[in-house]
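A structural walkthrough
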Amino acid sequence: MKRFIQNFTKNLLSVALTDKGRTERAVLIFLKERETLHARFQQGMGTRMEDIVKKELQTKGSVSGKLRYIRTNWQLYVIFLLPALLLTIVFKYVPMAGVLLAFKDYSAMQGILGSPWVGLKYFKRFLASPDFMSYLMNTLKLSLYGLLWGFPVPILLALLLNRIRHTGLKKKVQLLIYAPNFISVIVLCGMVRIFLSPVGPLNQLLGLDYNYMTMPQAFRTIYIASGIWQGAGWASILYTAALANSSQELTEAAIIDGANVFQQIKNVDLPAIKNIIVIQFILQAGNLMSIGFEKAYALQTDLNIPASEILPTYVYKMGLLNGDYGFSTAVGLFNSVINVILLIFVNKVVEKLNDGQGL
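Description of the structure in this document. Note that the structure is a prediction, hence the values are computed from the model and not measured. (Residues numbered from 1 in each chain as written. Predicted model: local features only at pLDDT ≥ 70, side-chain atom pairs only at ≥ 80, totals over all residues. Heavy atoms only, no water.)

1. A word on empty space enclosed by the protein
Vacant regions in the atomic arrangement are exposed by a probe of water-molecule size rolled over the atoms. Applying the stated criterion across every chain, the model contains one cavity of 30 Å³ or more. Reported here for the largest cavity is a volume of approximately 30 Å³. If you trace the largest cavity, you find it lined by Phe 151, Pro 154, Ala 235, Tyr 239, Gln 280 and Gln 284. For the lining of the largest cavity, the secondary structure elements donating two or more residues are α14 (216-244) and α16 (261-286). (1 Å grid on protein atoms, 1.4 Å probe; cavity = no way out; pocket = protein on both sides within 12 Å on 5 of 7 lines; lining within 4 Å. Points joined across faces, edges and corners; volume = space filled by probe spheres on them. Helix = DSSP H or I, 4+ residues; strand = E, 2+ residues; numbered from the N terminus.)

This is how it looks when you write it as structure tokens:
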């Protein structure tokens, strides 16, 4: 064993020179599995120690080596993954059983499984409803306009923040634009209602007395503008982090070559965040139909319903207020299916336009 240790120490320098990144791993392997290495050394006295360690490192880096490590330390994976798996199963997969309500004439006395099947009755009822196209178009318009106007804003904020060289000023600006994200939706809607009321600050500033919350034509602008104000700063964090890790050498080279600010953004900054932009666009486009009902419902009034009544608010009213659980579940399922179709479609389009790179 003494000769084995001496041989290992002598040849460790050779391993470090040929593969510096794995020297520490070689020492750890020696300390953890010295008996196995010793046995291999005794079986092949002519084999150099560095070759044994390299072979062991290759085994550790292989798929079989990783699987063996996972089997050996499975308790760590259980400790870290079990809480997340339980939360996902309980709150994401178990509620999926409720989808059966869309195909059944639900009765609380008979339960979900005991209620009679009605097939596609609720889907046909919804598609034949005179309000179907109105609710669908309201949802799509709100989502599409929100994506059109809201998606570029975080990117622009990140690019502008990246141009601020004074660290103290940059932190203060970030604090100001991140803070609205921590305002709850209901509080935000209350602020909007007060600000846009007939006696609110906006009307006093303009010398008018309009009640903007009663105007259907103003609802989408109010909804989207308040959403951008609340979430754009927080959404810019991803792009800001990516820009912080971008190559400073490229920026310096562009400056030396005489590139102005816009050319630097076009040729250095935007390529650095291109992949994140693509992924974020696909995810947001795939969630076009997933508008939360809270904000739309909180900003809704009797007079702006022609523009503010969307599928999520319709599901809420039909399901929880009217007790028509089967019909509201069918509408929600229809909404989810459209979301999945949009996600796949947008991903395919982006792959075509982005040299095959998508999700």
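Continuing now.
2. Focus: the packing of aromatic side chains
Applying the stated criterion across every chain, the model contains 17 aromatic pairs. Centroid distance Phe 126 to Phe 132: 5.0 Å. Interplanar angle 85°. Geometry classified as edge-to-face. Relative accessible area serves as the criterion here: at 11%, Phe 132 is assigned to the buried category. The interplanar angle of 85° and the centroid separation of 6.1 Å between the aromatic rings of Tyr 210 and Tyr 212 together place this pair among those described as edge-to-face. Here the aromatic residues Phe 126, Phe 132, Tyr 135, Tyr 314, Phe 327 and Phe 334 are joined through ring pairs into a cluster of three or more. Its guanidinium or amino end placed over the ring of Phe 327, Arg 125 lies 3.9 Å from that ring's centre, counting from NZ or CZ. The residue whose ring lies beneath Lys 295 is Tyr 223, and the NZ or CZ to ring-centre distance is 4.6 Å. (Phe/Tyr/Trp six-rings, centres within 6.5 Å; stacked < 30°, edge-to-face > 60°. Buried < 20%, exposed > 50% of the residue type's maximum accessible area, 1.4 Å probe, protein only. Lys NZ or Arg CZ within 6 Å of the ring centre and 35° of its normal.)

3. What about the pattern of salt bridges?
Taken as a whole, this structure holds three salt bridges when the rule is applied. As a salt-bridge pair, Asp 269 and Arg 163 come within 3.4 Å of each other at their nearest N and O atoms. A residue pair is termed long-range when its members are at least 10 positions apart, and Asp 269 in helix α16 and Arg 163 in helix α10 (residues 152-163) qualify at 106 residues. Look at Arg 163 and you get partly exposed, because its relative accessible area is 23%. Its salt-bridge partner being Lys 317, residue Glu 309 comes within 3.1 Å of it at the nearest N-O pair. We classify Glu 309 as buried; its relative accessible area is 6%. (Salt bridge = Lys/Arg side-chain N within 4 Å of Asp/Glu carboxyl O.)

4. A short note on the packing of α14 against α16
Following both chains from N to C, one finds α14 and α16 inclined at 145°, their axes separated by 9 Å at the closest point. Between α14 and α16 lies a crossing whose hand is right-handed. For the pair formed by α14 and α16, the contact residues are Leu 238, Tyr 239, Ala 242 and Leu 243 on the first element and Asp 269, Ala 272, Ile 273, Ile 276, Ile 277 and Gln 280 on the second. Among the residues forming the contact of α14 with α16, the class breakdown is eight nonpolar, one polar and one charged. (Axes fitted to C-alpha atoms, helices over the stretch in contact; angles between N-to-C directions. Left-handed = near helix turned anticlockwise from the far one by under 90°. Contact = heavy atoms within 4.5 Å. Nonpolar A, V, L, I, M, F, W, Y, C, P; charged D, E, K, R; others polar.)

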